[in-house]
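Descriptive analysis of the structure
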Amino acid sequence: MLSPNSTFYPRPLGVTPAASLPQSPSAPLETSRQLVASTERDAPYFRALEEVGIRLNGPQISAVRHGKGPLLTLAGAGCGKTTVLAARAGYLMEVSGAHAGSILLVTFTNKAATEMKDRIASLPGIRPAAARAVQARTFHSFALTLLRHYGVQEEIFGESRAQHTVLKMLLRQNGMSEAFQPESLLAMLSAWKMQGSETSDLPEKSQEEQDAKRVLLGYETWKRDRNKMDFDDILLRAAALLRDPAVLGPLQQRFQYIMVDEFQDTNSLQYEIVQKLAAAHRNLMVVGDDDQTIYTFNGARQESILEFDKVYPGARIVTLDINYRSDARILGLGSELVARNKRRRDKRLRAAGHRGDAPRFATPSNAEEEAAWVVNQLCQQVEEGLHTYRDIAILHRTASSSRAIFEQLVLKDVPFVQHGASPVFYDQSLIRPLMDHMRLSLNPRAVDALPSALGPLYVSRDAGLEWIQRSEERQAKKYPLIHLAKWDKLKPFQQEQVKERIKLIKSLTKLKPVIAIQEMRRQFYDKYMESGDPSIFTHYKETMLETLDEFEAAAKKFETVEEFIQFADELSRRHREMESLRRSQDSDAVQLMTIHRAKGLEFPCVYWIGASEGIVPHSTALRQDIPEDQKAALTVQQTDAELDMALEEERRLAYVAITRAKQYLYVTSPASHHGKPADVSRFLLEAFGMEVPDKRKKREDGPTGNHASYGSGSSNWKGNGNESRTRNGNAAYARSGSRPQGRDAVSPVQRGSDLRSADQRSAIRQSDRRDFEVLDERDEDRLSERRGSGVIRNHTAFSTTGVSQAASSSNSSESHSSGAERTETVAIWKCSSSTCKAWLRQKPDGASAKSSKKTASGPPPCPLCSGTMVASTRNVPVTGRFGR
């Protein structure tokens, strides 16, 4: 039974009563009224700002007054960076005498660009014409305007469904319908382009890379023949155009003052554009917060901020450290938490926000109880008049982790908006096949459910559906799947599998949903996943298993398959209804979103759910906790430095979650996750002064390496700016040069600008503006499950430079570490193909007679390429445990 009443405490579970809640110091009360004397030259400007309610603090004044030369403005959460950017634009025009058209302000979203122009237009003394002349643009808007000016007339091809359709067509034409997922190919291509590289330069060392390159070159040809370009092309072509001095020179002369918002989110190509524009005069002001760098999977580079004063020697650094958003205790919790990161610029925020309540913490038993507690409490808050629904936000780590809270909100009939384009949990690509098998058990002729049933039968969906449709026209069957048993393109054993699968489908209605799921997993689905079938290769095995465990947990609440399917269908219907709420900005509804999506937003009351080990920080950032014999089977071996970087980004993510709250913050840490015990997030414990031991130090003799904290102008850290993040898999995925997985390797978040002024309408066509509205929807949350999975990814997508592959570097790593740990030689099966590096560990001598008998019958087929595997040996660390 779920506990009907939640209890929130002033400290997380495990923190001693003696530990005090961190609290940020109060900020000084002085503003420009006291800090800018009336005798100073620019006093009239600040007096005019004060008359309209804009009273700047000391650091803000320093940033606004900055004239020429590079300036790094470190803007802490809720510290008024938008006000500073707008006020500086006004200062340049009103005090410094700069022409409005010489100011370029670049940001990331339509909303931010529009807000910036509105803020500038509302400044005292700024004429409407001057406000319009200031170029407040997104990167894409600026780049497209440049391309249009120089005669580029291609239409924007930015709708993802259309892109997927084209790639599916190209895959069929190349006989690779089941070889790649369209989203995966697009993600790979986008990551490649955002490095400034052309499609023709894609690597082609392996057969897999050659196949992917052939399809992607076909995609580029398809666009070129039809006079189209996508969003990545806009940036890539603009950057190429700026390499022409004849193009760059006039722009440098025109834009004498350049300001960049959310600088920590820029990728390499965007940074290149900015650097070129500012190269002649170096009048570059960048505003950002390295503590909010949470998009490195998208190409964002923390080094852009950390090394700014190295790229621009003599740069001024101003820290906006007065927070006007959060209660001092909420801010103190976040500040103390993120201060544990080493790769950051040192700063401590001071509080000037309205007083609220101290953060509260709870430890429900699992996600189901967590959801019930949260929804019960927020309903009580609304009933008592403490909040409206729109005051409340529920933040979660990944799209899949919102399943339980989503269901509770539906069951309680609470109005809510789930931000982003993530599907309902039961509609996810990994879950849908199992749901559709159960739908077929209720209605064997459910046409919409048939495609999902073909993949686990290893049947081409397009060809299989076509055969079924033609056969049905000749003679309809109660179970249309049975037509596959007479398809001559299937081998006899496949035809027999079809009959067995139909028998299983018939039996599912007699089982409880959780038993039905377990039976499908036992009979075929887990094997289907482990085979590396391309239709689901975008999920790593660990993520797959976690999601399926969550699926089973959800099914336990239901007694019959019919009841379960009806509930899932109802959720899908409600999800569609939510879209109308999402489009209505004034709807009184709870805001449900990932932490990534919440960045830049603020709410009076925030519930951060899932603050447990394995969720935040995500399990993939905790690879040091994995037994060594299991780590040996990972696709790419991660260094301690890479794991430290991953953990620090998880800590930044926690910081972002906390600092969204203004007056009230509730943090829940489920005591179990997918049926396994879960501790309270180490980040919370650390914030209360508790030390969480690094488990690596228990196994290693030497240090793992240190990174120096960045001060206001110097650093000892020696990064090359190209540190790659790597992924994890299992032994079956140990493949050199394997392609990035589409569910996780997502294209960089690119966003457009809502161009409203008359002079801009002439530069960018109406159709371009509609395309930018589509682009603005391609932001955080449609990618939240990919990025939110916590998978440590290789930003270079195709390249594995600098990353030691398990299959290729085992010998050198073994000899290097021989003095630190013992190794043993074990028997393995390895693929005989020279291009496939898959290997599986054989059962030890103590295996069961059943296992021994199976092994004696011969090696298993390669789970990746289906080739022959041969017996071999491999050195792995001795840990006393047998790996998966």
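For the structure itself, consult the block above.
First, a word on what this report is: a plain description of the structure on this page.

Some words on helix 11 (residues 231–241)
Of all the eleven residues making up helix 11, eight are buried; the element is thus mostly covered by neighbouring parts of the structure. Every buried residue belonging to helix 11 is among Phe231, Asp232, Asp233, Ile234, Leu235, Leu236, Ala238 and Ala239, and all of these are buried. Its side-chain oxygen placed 3.2 Å from the backbone nitrogen of Asp232, Asp230 serves as the N-cap of helix 11.

Thoughts on the pattern of salt bridges
As enumerated under the stated definition, the model contains 56 salt bridges in all. The partner of Asp42 in a salt bridge is Arg65, and the shortest N-O contact between them spans 2.7 Å. In this pair, Asp42 sits in the loop between helix 1 (32–35) and helix 2 (43–51) while Arg65 sits in helix 3 (residues 58–65), placing the two residues 23 residues apart along the sequence. Given the relative accessible area of 7%, Asp42 is considered buried. For Arg65, a relative accessible area of 28% gives the class partly exposed. Taking the shortest distance from any N to any O, the salt bridge between Arg651 and Glu686 comes out at 3.1 Å. With Arg651 in helix 28 (residues 640–658) and Glu686 in helix 29 (residues 682–687), this residue pair connects regions lying 35 residues apart in the sequence. Exposure class is identical for Arg651 and Glu686. Each is buried.

Notes on the nonpolar core
In terms of nonpolar packing, the biggest core is built from 83 residues, with Ile120 and Trp608 touching the most fellow members. Tallying contributions element by element places helix 4 (residues 81–94) first for this core, with eight residues. Apart from residues lying up to four places away in sequence, Trp608 is in contact with Leu395, Ile595, Val616, Ala654, Ala657, Ile658, Tyr666, Val667, Thr668 and Leu684. In this structure, Ala362, Tyr426, Leu430 and Met438 belong to the second largest nonpolar core, which totals 54 residues.

Focus on the environment of Val606
Its place among the elements puts Val606 in strand 15 (residues 603–608). Val606 sits 54 residues away from Arg660 along the chain, and the two C-alpha atoms are 7.1 Å apart. Excluding anything up to four places from it in sequence, Val606 contacts Ala393, Leu395, Ala657, Arg660, Ala661, Tyr664, Leu665 and Tyr666.

Parameters at a glance
- Residues numbered from 1 in each chain as written.
- Predicted model: local features only at pLDDT ≥ 70, side-chain atom pairs only at ≥ 80, totals over all residues.
- Heavy atoms only, no water.
- Buried < 20%, exposed > 50% of the residue type's maximum accessible area, 1.4 Å probe, protein only.
- Helix = DSSP H or I, 4+ residues; strand = E, 2+ residues; numbered from the N terminus.
- Polar contact = N/O pair within 3.5 Å; in protein donor to acceptor, adjacent residues only side chain to side chain.
- Salt bridge = Lys/Arg side-chain N within 4 Å of Asp/Glu carboxyl O.
- Core = buried A, V, L, I, M, F, W, Y, C linked by side-chain atoms within 4.5 Å.
- Contact = heavy atoms within 4.5 Å.

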